[in-house]
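What follows is each chain in one-letter form.
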Amino acid sequence: MEANTRSTGRLPAAFLTPGSSSFMDFLGEHQPELLPGNRQLPPTQGVVEAPHGTTIVAVTFPGGVVLAGDRRATMGNVIAQRDIEKVFPADEYSAVGIAGTAGLAVEMVKLFQLELEHFEKVEGAQLSLEGKANRLSTMIRSNLGMAMQGLAVVPLFAGFDLDRDKGRIFSYDVTGGRSEEQGFAATGSGSIFARGAMKKLFREDLTEDQATTLVVQALYDAADDDSATGGPDVARRIYPIVTVITEDGFRRLTDDEASEIARSILERRLEQPDGPRAALL
Amino acid sequence: MSTPFYVSPQQAMADRAEYARKGIARGRSLVVLQYADGIVFVGENPSRALHKFSEIYDRIGFAAAGKYNEYENLRIGGVRYADLRGYTYDRDDVTARGLANVYAQTLGTIFSSAAEKPYEVELVVAEVGETPEGDQIYRLPHDGSIVDEHGSVAVGGNAEQISSYLDQRHQDGMTLAEALNLAVQALSRDTNGSQREIPAERLEVAVLDRTRPQKRKFKRITGRQLARLLEGEGAASATDAEDESAEEE
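Residues numbered from 1 in each chain as written. Chains lettered and ligands numbered in written order. Predicted model: local features only at pLDDT ≥ 70, side-chain atom pairs only at ≥ 80, totals over all residues. Heavy atoms only, no water.

## So, the overall build of chain A
Right, on to step 1. In terms of regular secondary structure, chain A is built from 8 helices and 13 strands.
Right, on to step 2. Taking 19 Å as the expected radius of gyration for a compact globule of 281 residues, we find that chain A reaches 20 Å, a close match to that expectation.
Right, on to step 3. With the C-alpha coordinates aligned to their principal axes, the bounding extent of chain A is approximately 65 × 50 × 35 Å.
Right, on to step 4. Burial analysis of chain A (281 residues in total) assigns 51% to the buried set.
Right, on to step 5. In chain A, of all internal contacts separated by at least 6 residues, the share reaching a separation of at least 24 is 65%.
Right, on to step 6. When the accessible surface of chain A is summed, it comes to about 13,200 Å², and 50% of that surface belongs to carbon and sulfur atoms.
Right, on to step 7. Distance from the positive charge centre (28 side chains) to the negative charge centre (40 side chains) of chain A: 3 Å. (Helix = DSSP H or I, 4+ residues; strand = E, 2+ residues; numbered from the N terminus. Rg over C-alpha atoms; globule rule 2.2 N^0.38 Å. Buried < 20%, exposed > 50% of the residue type's maximum accessible area, 1.4 Å probe, protein only. Contact = heavy atoms within 4.5 Å. Areas by Shrake-Rupley, 256 points an atom, 1.4 Å probe, with all protein chains shown as cover. Lys, Arg positive; Asp, Glu negative; His and termini not counted. Charge placed at Lys NZ, Arg CZ, Asp CG, Glu CD.)

## Things to note about the sheet that holds strand E10 (residues 218–221) of chain B
All names here are of chain B.
Right, on to step 1. Taken in spatial order, the 5 strands make up an open sheet running E8-E1-E2-E9-E10, and their pairing is antiparallel. The two strands at the open ends of the sheet, each matched to only one other strand, are strand E8 (152–155) and E10. The average undirected angle you get between the axes of adjacent strands in this sheet is 20 degrees.
Right, on to step 2. One ladder, built from 6 bridges, connects strand E1 (residues 30–35) with strand E2 (residues 38–44); its direction is antiparallel. By the bridge assignment for E2, Val 32 is matched with Phe 41.
Right, on to step 3. Lying on the sheet, helix H4 (residues 159–169) is in contact with E1 and E8; it crosses E8 at an angle near 165 degrees. (Pairing = 2+ DSSP bridges. Axes fitted to C-alpha atoms, helices over the stretch in contact; angles between N-to-C directions.)

## Considerations on the packing of aromatic side chains
Right, on to step 1. Overall, the coordinates contain 10 aromatic pairs over all chains when judged by the stated rule.
Right, on to step 2. For the pair Phe23(A) and Phe26(A), a centre-to-centre distance of 6.3 Å together with 45 degrees between the ring planes defines the contact as tilted. Of this pair, Phe23(A) and Phe26(A) both sit in helix H2 (residues 23–30), 3 residues apart, which is roughly one turn of the helix.
Right, on to step 3. The class of Phe26(A) is buried, set by a relative accessible area of 4%.
Right, on to step 4. Here the aromatic rings of Phe112(A) and Phe157(A) are separated by 5.7 Å at their centres, their planes lie at 80 degrees, and the arrangement is edge-to-face. A residue pair is termed long-range when its members are at least 10 positions apart, and Phe112(A) in helix H3 (residues 102–123) and Phe157(A) in strand E8 (residues 153–161) qualify at 45 residues. Note on accessibility: Phe112(A) and Phe157(A) belong to one class, buried.
Right, on to step 5. Three or more aromatic residues link up through ring pairs in this structure, and these residues are Phe15(A), Phe23(A), Phe26(A) and Tyr87(B).
Right, on to step 6. Here the guanidinium or amino end of Arg169(B) rests over the ring plane of Tyr165(B), the centre of that ring lying 3.9 Å away. (Phe/Tyr/Trp six-rings, centres within 6.5 Å; stacked < 30°, edge-to-face > 60°. Lys NZ or Arg CZ within 6 Å of the ring centre and 35° of its normal.)

## Points about unusual backbone geometry
Leaving glycine aside, a negative phi is the common case for residues, and trans is the common case for peptide bonds.
All names here are of chain A.
Right, on to step 1. Backbone geometry places Asp 165, a non-glycine residue, at a positive phi of 65 degrees.
Right, on to step 2. Mapped onto the elements, Asp 165 comes out in the loop between E8 and strand E9 (166–172).
Right, on to step 3. The phi dihedral of Arg 237 is positive, around 55 degrees, even though this residue is not glycine.

## Some points on the nonpolar core
Right, on to step 1. Of all hydrophobic cores here, the largest spans 60 residues; its most connected members are Phe157(A), Ile56(B), Tyr103(B) and Leu123(B).
Right, on to step 2. At 9 residues, the largest contribution of residues to this core is made by H3(A). (Core = buried A, V, L, I, M, F, W, Y, C linked by side-chain atoms within 4.5 Å.)

## As for the interface of chain A and chain B
Right, on to step 1. Facing the 30 residues of chain A at the interface are 31 residues of chain B.
Right, on to step 2. Buried area between chain A and chain B, both sides added, is near 2,700 Å², and the carbon and sulfur share of it is 55%.
Right, on to step 3. At the surface where chain A touches chain B, the tally comes to 4 salt bridges.
Right, on to step 4. Its salt-bridge partner being Arg10(A), residue Glu116(B) comes within 3.5 Å of it at the nearest N-O pair.
Right, on to step 5. Taken together, chain A and chain B are joined by 16 residue pairs in polar contact (both at pLDDT 80 or more).
Right, on to step 6. Per-element accounting of the side of chain A that touches chain B gives the leading share, 9 residues, to H3(A).
Right, on to step 7. Looking at side-chain class alone, the side of chain A that touches chain B contains 13 nonpolar, 9 polar and 8 charged residues. (Buried area = accessible area lost by both parts, 1.4 Å probe. Salt bridge = Lys/Arg side-chain N within 4 Å of Asp/Glu carboxyl O. Polar contact = N/O pair within 3.5 Å; in protein donor to acceptor, adjacent residues only side chain to side chain. Nonpolar A, V, L, I, M, F, W, Y, C, P; charged D, E, K, R; others polar.)

## Quick word on the environment of Arg72(A)
Right, on to step 1. Inspection of the secondary structure assignment puts Arg72(A) in the loop between strand E3 (64–69) and strand E4 (73–75).
Right, on to step 2. Look past the residues within four positions of Arg72(A) in its chain and what remains in contact with it is His52(A), Gly53(A), Thr54(A), Ile79(A), Gln81(A), Ile84(A), Lys86(A), Ser227(A), Ala228(A), Thr229(A) and Gly230(A).

## What about helix H6 (residues 223–230) of chain B?
Residue and element names in this part refer to chain B.
Right, on to step 1. Residues of H6 that are buried: Gln 225, Leu 226 and Leu 229. Seen along its axis, H6 keeps its buried residues to an arc of 100 degrees; they face one direction.
Right, on to step 2. Each element contacted by the buried residues of H6 is listed here: helix H5 (176–187), strand E9 (203–209) and E10. (Arc of directions from axis to C-beta.)

## Observations regarding the side chain of Asn45(B)
Residue and element names in this part refer to chain B.
Right, on to step 1. With respect to the helices, strands and loops of the structure, Asn 45 is situated in the loop between E2 and strand E3 (53–57).
Right, on to step 2. Of the residues examined, Asn 45 reaches a relative accessible area of 6% and is grouped as buried.
Right, on to step 3. One polar contact links the side chain of Asn 45 to the main-chain carbonyl oxygen of Leu 50, over a distance of 2.8 Å.
Right, on to step 4. Once you skip the residues sitting within four places of it in the chain, Asn 45 turns out to touch Leu 50, His 51, Lys 52, Glu 201, Arg 202 and Glu 204.

## Focus: the pattern of salt bridges
All names here are of chain A.
Right, on to step 1. Applying the stated rule across the entire model yields 35 salt bridges over all chains.
Right, on to step 2. We note a salt bridge from Arg 252 to Glu 85, for which the minimum N-O separation is 3.3 Å. Of this pair, Arg 252 sits in strand E13 (residues 249–252) while Glu 85 is found in the loop between strand E5 (78–81) and strand E6 (87–91), placing the two residues 167 residues apart along the sequence.
Right, on to step 3. Residue classification places Arg 252 among the partly exposed positions, given a relative accessible area of 32%.
Right, on to step 4. With a relative accessible area of 34%, Glu 85 lands in the partly exposed category.
Right, on to step 5. Notably, a salt bridge pairs Arg 168 with Glu 130, separated by 3.0 Å at the nearest N-O pair. Pair noted here: Arg 168 is in strand E9 and Glu 130 is in helix H4 (residues 129–142), with a separation of 38 residues, a long-range link.
Right, on to step 6. In the salt-bridge network here, residues are joined through shared partners; they are Glu 130, Asp 161, Arg 164, Arg 168, Arg 178 and Glu 180.

## Some remarks on the sheet that holds E3(A)
Residue and element names in this part refer to chain A.
Right, on to step 1. Strand order in the open sheet formed by 5 strands is E11-E2-E3-E12-E13, with antiparallel pairing between adjacent strands. Looking at the sheet topology across the chains shown, the edges are occupied by strand E11 (184–187) and E13. Within the sheet, the average angular offset between the axes of one strand and its neighbour, ignoring direction, is 15 degrees.
Right, on to step 2. For strand E12 (residues 241–246) and E13, the ladder comprises 4 bridges, and the chain directions are antiparallel. What sits directly across from Thr 243, in E13, is Arg 252.
Right, on to step 3. Sheet strands touched by helix H6 (residues 191–201): strand E2 (56–61) and E11. Its angle to E11, the strand with the most contacts, is close to 165 degrees.
Right, on to step 4. Contacts between helix H7 (residues 208–225) and the sheet are confined to E2, E3, E12 and E13, with E2 contributing the most and set at about 155 degrees to the helix.

Remember, this is a structural readout, not a statement about activity or role.
Next comes the structure, spelled out in structure tokens:
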């Protein structure tokens with residue numbers, strides 16, 4: 001069946017057939033070759049070299065959730081890109097940050113955004129946050145074949161749950177396994193260091209400002225110990241992407257706001273290289 | 001076997017057109033107007049859930065009069081067309097002109113195919129531009145013709161009368177409140193010229209607002225925000241449309 005989207009001909013029958021509200025289901029029936037999961041990969045020897053994104057962190061606070069990522073993409077031991085964007089709005093009330101093979105991840109995000117928007121337009125209502133998280137699970141699972149060849153995509157999904165009135169975080173493994181995280185979460189190569197930092201700094205009663213500072217502290221610590229994670233690049237004015245999702249929806253901090261947080265942290269680190277300390281007991 | 005009666009093509013088409021027009025006339029009319037910051041859709045609709053207006057893509061809205069199941073089918077087809085095109089190429093490559101062409105072809109093929117019953121629908125596809133000059137409004141009658149409209153357009157059974165009323169009174173650069181009140185006046189005039197009252201709960205209103213910071217410009221106007229805009233003709237300023245927090249109930 002030829003996609004009649006290029007010509008100005010009549011809409012093909014598939015477009016007018018009542019059915020699923022899912023864009024992926026529609027693609028699967030109408031143009032399956034466009035679905036990333038249906039791609040046939042030639043057998044390869046060794047690992048495919050492609051830029052990888054690294055560390056994504058998220059933290060909840062009363063009234064919302066913060067999702068942030070560093071800006072570095074690496075290919076082997078080379079820095080492939082210094083200003084990559086790895087945190088994207090999924091829709092008005094959720095965002096997704098991606099670690100893993102950058103090209104595939106960005107494509108997955110694009111399809112995921114479209115999936116949510118398509119559902120919303122067809123049904124006239126948004127998916128529940130749980131529904132969105134499950135949809136992302138399905139997409140990662142369809143990428144399993146490529147993940148086995150070293151092209152894994154591991155996202156972190158965060159959003160404001162309008163039904164429960166709070167921010168929530170979901171993390172994933174390469175097989176699409178999904179788990180809800182309490183308080184804070186991290187994914188990607190620097191995630192172990194970031195998680196350590198967040199574990200010491202996290203409290204239940206953070207304000208939004210404290211939460212955005214916390215994630216940048218965590219990213220700084222990840223960059224400190226993981227060569228694949230980039231710290232705030234003051235010389236080039238490249239700062240982490242920090243996004244906040246509350247009842248009012250998704251908001252990305254402006255470069256000025258992000259630079260202010262990053263600079264104040266850098267200044268403190270000049271005096272105290274290991275950052276803020278938690279009480280011993 | 002008996003031979004069927006001969007019906008001239010002219011007669012067959014005239015019959016089909018009459019059938020479709022009668023179907024469309026059973027529903028209420030709706031209007032689409034340009035105002036300073038975008039395009040507003042106004043119609044009488046007792047249902048909260050079954051919409052006459054909806055979002056197709058970032059800057060493109062859809063309005064329909066006639067048979068619900070038929071235009072709903074076309075609406076979903078349009079959403080699929082737009083999303084697939086945007087996914088294959090780029091979001092900027094989805095245009096109202098392209099969509100209107102596809103709808104026109106679809107309606108036209110159905111209308112002239114003897115095997116299918118003609119659709120009893122009349123559509124409007126509108127795209128809001130960066131400036132009022134960039135706005136596009138296309139009206140698509142049941143037979144697959146396509147009309148490029150400016151300023152204001154009405155579709156449905158009583159469309160001709162409403163259109164002429166709007167043509168006389170619509171001006172460029174109206175505020176949202178002014179355009180909305182004009183639209184309600186036009187819709188509430190009966191065929192014999194008398195005025196009836198349409199309560200706010202029975203109105204469905206949506207806008208394509210070019211000043212919205214989001215990429216998606218379509219927004220429904222309901223509840224208190226709608227009441228405020230209807231209150232005092234033109235008194236409320238168009239900036240109220242952006243005050244989204246006040247509308248939450």
